[in-house]
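Below are the chains, spelled out letter by letter.
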Amino acid sequence: MSTNVSQPKYFAADQVAKVLTWNLVNSAVEEALKATGITQANSANAKASYAIQPARSVTPCGDYSKLLLTMPGFVGNYQLSESGDRINTLACKLVTSFSSNQNLQPPLPNILANILLFCPQTGQLRCIIDGTQITGWRTASASIVATKYLFLKRFPQAKEKPIKVALIGCGVQGQSHALGMCKTYNVIDIFLWNRTKSKAENLASKLRAEFRNGLKVHVSERPQDAVQDADVICVGTYSPNALISYSMLKDGDIHINTVGAGQVHFGEVGQDIYDNAVVYVDSLVSAKTELKDLKATIIGEVGEVIRNEGQRTENNRITIFQSMGIAAEDATVAQAVYNALNK
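(A) Examining the environment of Gly-136 more closely. Within the secondary structure, Gly-136 sits in helix H3 (residues 132–150). Remark: the alpha-carbon pair of Gly-136 and Ser-83, spanning 53 residues in sequence, is separated by 27 Å. In contact with Gly-136, not counting residues within four places along its chain, are Gln-173 and Ser-176.

(B) Seen up close, the packing of aromatic side chains. Using the criterion set out here, one finds 3 aromatic pairs in the structure. Seen in terms of ring centroids, Phe-11 and Tyr-338 are 6.2 Å apart; in terms of plane orientation they differ by 75 degrees. Their pairing is edge-to-face. One end of the pair, Phe-11, is in strand S1 (residues 9–11); the other, Tyr-338, is in helix H10 (residues 327–341), and 327 residues separate them in sequence. Note on accessibility: Phe-11 and Tyr-338 belong to one class, buried.

(C) Geometry of the packing of helix H2 (residues 22–35) against H3. The N-to-C vectors of H2 and H3 enclose an angle of 70 degrees; their axes lie 9 Å apart at closest approach. Our classification of the angle between H2 and H3 gives roughly perpendicular. For the pair H2 and H3, the sense of crossing is right-handed. Taking contact as the criterion, the partners of Trp-22, Val-25, Asn-26, Val-29, Glu-30 and Leu-33 in H2 are, on H3, Trp-137, Arg-138, Ala-140, Ser-141, Ala-142, Ile-144, Val-145, Lys-148 and Tyr-149. A class-by-class count of the residues in the contact of H2 with H3 yields 10 nonpolar, 2 polar and 3 charged.

(D) Spotlight on H2. If you check H2, its first and last C-alpha atoms are 20 Å apart, about what 14 residues at 1.5 Å a residue would give, namely 20 Å. Burial of H2 is extensive: 11 of the 14 residues sit out of reach of the surface. Considered for burial, the residues of H2 that qualify are Trp-22, Leu-24, Val-25, Asn-26, Ala-28, Val-29, Glu-30, Glu-31, Ala-32, Leu-33 and Ala-35. Gly-37 sits one or two positions beyond H2 and adopts a positive phi of about 95 degrees.

(E) Broad picture of the packing of helix H4 (residues 172–184) against helix H5 (residues 197–210). Between H4 and H5, whose axes approach to 11 Å, the crossing angle comes to 25 degrees. By the angle class used here, H4 and H5 are roughly parallel. As for how H4 packs across H5, the hand of that crossing is right-handed. Taking contact as the criterion, the partners of Gly-174, Gln-175, Ala-178, Leu-179 and Lys-183 in H4 are, on H5, Leu-203, Lys-206, Leu-207 and Glu-210. Grouping the amino acids of the contact of H4 with H5 by side-chain chemistry returns 4 nonpolar, 2 polar and 3 charged.

(F) Representation of the pattern of salt bridges. Per the stated rule, a full pass over the model turns up 10 salt bridges. The partner of Arg-138 in a salt bridge is Glu-329, with the nearest N and O atoms 3.6 Å apart. Residue Arg-138 is located in helix H3, and its partner Glu-329 is located in helix H10; the two are separated by 191 residues in the primary sequence. With respect to burial, Arg-138 and Glu-329 carry one shared label: buried. Note that Glu-210 and Lys-183 form a salt bridge whose closest N and O atoms lie 2.8 Å from each other. Here Glu-210, found in helix H5, pairs with Lys-183, found in helix H4; they are 27 residues apart in sequence, far enough to count as distant. Three or more residues are tied together by salt bridges with common partners; here these are Lys-93, Arg-138, Glu-329 and Asp-330.

Definitions and limits used
Residues numbered from 1 in each chain as written. Predicted model: local features only at pLDDT ≥ 70, side-chain atom pairs only at ≥ 80, totals over all residues. Heavy atoms only, no water. Helix = DSSP H or I, 4+ residues; strand = E, 2+ residues; numbered from the N terminus. Contact = heavy atoms within 4.5 Å. Phe/Tyr/Trp six-rings, centres within 6.5 Å; stacked < 30°, edge-to-face > 60°. Buried < 20%, exposed > 50% of the residue type's maximum accessible area, 1.4 Å probe, protein only. Axes fitted to C-alpha atoms, helices over the stretch in contact; angles between N-to-C directions. Parallel < 35°, antiparallel > 145°, perpendicular 65-115°, else oblique. Left-handed = near helix turned anticlockwise from the far one by under 90°. Nonpolar A, V, L, I, M, F, W, Y, C, P; charged D, E, K, R; others polar. Expected span 1.5 Å × (residues − 1). Salt bridge = Lys/Arg side-chain N within 4 Å of Asp/Glu carboxyl O.

Okay, here's the thing in structure tokens:
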């Protein structure tokens with residue numbers, strides 16, 4: 001008895017690394033965010049993309065320091081490039097978050113992932129892609145895209161003006177955010193803080209080697225030293241307690257990206273900052289469960305701002321992108337990686 005089921009491919013981490021670029025990932029993530037919040041039923045026209053992504057399931061593995069997350073998603077009628085065809089992508093990411101992995105000898109990433117990519121016509125498994133690097137890159141990329149639409153597009157002159165960036169947490173996400181921000185935007189100063197100072201110093205060395213001209217890299221002794229002059233702040237730790245507060249921030253316009261992976265998504269940022277800011281999320285569906293205890297004004301999704309070409313109705317001094325990570329991002333980036341590897 002013959003079948004038409006083909007053997008799925010497997011792409012390991014070293015293969016994925018060869019094709020990852022910030023341009024590829026940022027473009028794919030922007031498409032994912034733009035599609036989020038739109039369903040096939042309410043898409044305005046044939047050129048509108050849409051996404052279907054249930055709230056992810058979270059399975060504690062004994063306790064909440066060890067989690068298995070399942071993130072299925074479908075992104076329909078979208079483009080990976082302006083000249084490309086409109087495509088559909090069906091994917092599911094399986095990700096583990098084990099906060100003690102960094103203490104192993106040798107250490108492992110705290111976040112490990114694999115992405116299953118299916119044929120959207122038949123449902124056949126097309127490939128399994130190591131998703132650990134994709135997770136790191138797409139999370140940082142979501143912050144990069146949010147910074148573009150929630151901060152830089154507010155001020156036309158900001159596109160030309162150098163910005164100052166602060167990193168609170170210099171682990172995997174801190175490194176991805178630092179490299180992505182500096183590769184994408186005109187960053188003149190970057191301030192690094194980490195509870196273990198050696199991690200900040202190691203990241204500083206990497207940045208100085210990568211960006212030899214024009215970028216000033218500072219290792220800060222305290223979180224307040226890192227954020228006091230920053231235009232854009234990226235927070236990514238496992239801390240359950242606030243690391244930055246309103247009194248630490250400069251006067252003027254500020255954008256904060258928070259991507260913490262602790263038990264409480266919003267624990268790293270002080271309540272007094274939320275009291276003086278407006279919050280955007282990647283997914284309102286996810287926010288209803290994962291941010292149900294957040295005491296803040298959630299304006300809406302970043303995707304709506306993208307679809308409105310950066311136009312916003314509020315004008316608060318501080319904006320926060322509360323990143324939870326969505327399946328649509330994994331789907332579009334996995335598709336872009338798959339396409340690049342099959343050229």
